[in-house]
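# Observations on the three-dimensional arrangement
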Amino acid sequence: MDVARQIAEHVGADLLIYSKDIFKEAFEKYDRIIAVFATGIVVRDIAPLIKDKWTDPAVVVVDSNLNFAIPVLGGHHGGNELVRKIAEIGATPVITTATEVHNRNSVEGIAKKMGCDIVNKESTKDVNCALLEQDVGILKIKGPKIVIVDNDVSVLKSEQEDT
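Residues numbered from 1 in each chain as written. Predicted model: local features only at pLDDT ≥ 70, side-chain atom pairs only at ≥ 80, totals over all residues. Heavy atoms only, no water.

The next thing to look at is the overall build of the protein chain. Counting its secondary structure elements, the protein chain contains seven helices and six strands. Starting at the N terminus and ending at the C terminus, the protein chain contains elements arranged as α-α-β-α-β-β-α-β-α-α-β-α-β. Projected onto the principal axes, the alpha-carbon positions of the protein chain cover approximately 55 × 30 × 30 Å. Within the protein chain, the proportion of its 163 residues that are buried is 32%. The contacts of the protein chain with a sequence gap of at least 6 include a subset with a gap of at least 24, amounting to 55%. If you sum the accessible surface of the protein chain, you get close to 10,600 Å²; carbon and sulfur atoms cover 52% of it. Distance between charge centroids for the protein chain: 2 Å, based on 19 positive and 25 negative side chains. (Helix = DSSP H or I, 4+ residues; strand = E, 2+ residues; numbered from the N terminus. Buried < 20%, exposed > 50% of the residue type's maximum accessible area, 1.4 Å probe, protein only. Contact = heavy atoms within 4.5 Å. Areas by Shrake-Rupley, 256 points an atom, 1.4 Å probe, with all protein chains shown as cover. Lys, Arg positive; Asp, Glu negative; His and termini not counted. Charge placed at Lys NZ, Arg CZ, Asp CG, Glu CD.)

So, in structure tokens, the structure goes:
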């Protein structure tokens with residue numbers, strides 16, 4: 001509990017006590033979850049709850065000695081950012097997301113930085129793979145226009161009027 005309290009205080013999180021349905025409740029209420037448990041317990045408990053990378057919360061596992069912080073779900077959706085925050089109090093972040101391991105941008109990261117939504121989410125796998133190999137251009141098109149793209153082009157829609 002001491003490690004859980006320390007993490008909760010550091011990241012400004014609610015502290016929930018384990019119960020049989022805690023992950024189900026947390027999946028419905030939070031977009032980021034930190035579990036101070038063994039990875040196996042967390043994986044087994046969240047497996048029936050997982051839907052897709054766009055709606056599932058980021059799930060980070062931290063061992064009870066604060067040695068490691070591991071995003072097991074949603075690395076591009078807040079998990080990697082969260083383990084870096086937890087690293088500030090001593091844990092080693094274990095990041096396996098290919099783009100971040102190779103110090104490359106991801107579509108999700110670019111969209112977040114630019115304040116955009118990803119329109120064609122299915123494109124991100126191909127574009128993230130391309131980002132590992134090369135710089136991928138970002139084009140900003142002001143309308144009115146009609147844009148036709150291939151499947152390996154991610155389309156970001158600005159959330160703001162003029163970005």
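From this point, the discussion proceeds with the structure in view.
Ordered in space as 1-2-3-4, the four strands form an open sheet in which the pairing is mixed. Each of the sheet's edge strands pairs with one partner strand only, and the pair in question is strand 1 (32-35) and strand 4 (92-93). Its contacts with the sheet put helix 2 (residues 22-29) on strand 1, strand 2 (58-62) and strand 3 (68-73), and the angle it makes with strand 1 is roughly 150°. (Pairing = 2+ DSSP bridges. Axes fitted to C-alpha atoms, helices over the stretch in contact; angles between N-to-C directions.)

Right, let's talk about a nonpolar patch on the surface for a bit. Among the surface-exposed residues, Leu-139, Ile-141, Val-147, Val-149 and Val-153 lie close enough to one another that they form a single nonpolar patch of about 450 Å² accessible area. Its place among the elements puts Leu-139 in the loop between helix 7 (124-133) and strand 6 (156-158). (Patch = residues over 30% accessible without salt bridge, like charges linked within 9 Å, V, L, I, M, F, W, Y side chains within 5 Å. Salt bridge = Lys/Arg side-chain N within 4 Å of Asp/Glu carboxyl O.)

Below, the discussion takes up the nonpolar core. Judged by nonpolar contacts, Ile-22, Phe-23, Ala-26, Phe-27, Ile-33, Ala-35, Val-42, Ile-46, Leu-49, Val-59, Val-61 and Leu-73 together constitute the single largest core of twelve residues. For this core, the leading source of residues is helix 2, giving four residues. In this structure Ala-35 touches Phe-23, Val-42, Val-60, Val-61 and Val-62, once residues within four positions along its chain are discounted. Residues Leu-66, Ala-69, Leu-82 and Ile-86 belong to the second largest nonpolar core, which totals eleven residues. (Core = buried A, V, L, I, M, F, W, Y, C linked by side-chain atoms within 4.5 Å.)

To continue, consider the environment of His-76. Within the secondary structure layout, His-76 lies in the loop between strand 3 and helix 4 (79-87). Linking His-76 and Thr-99, residues 23 residues apart in sequence, is a C-alpha distance of 9.2 Å.

Take unusual backbone geometry next. Here the amide bond leading from Gly-143 into Pro-144 is cis, since omega sits at 10°, within 30 degrees of zero. The residue Pro-144 is located in the loop between helix 7 and strand 6 in this model. A positive phi angle, near 60°, is found at Leu-66, a position not held by glycine. Tracing the sequence through the fold places Leu-66 in the loop between strand 2 and strand 3. Leu-66 sits in the buried class, given a relative accessible area of 9%. For Asn-103, which is not glycine, the phi torsion reads 55° and is therefore positive. For Asn-103, the location among the structural elements is in the loop between helix 5 (98-101) and helix 6 (107-114). Classification of Asn-103 by relative accessible area gives exposed; the value is 71%.

Geometric descriptors of this kind do not, in isolation, establish any biological role.
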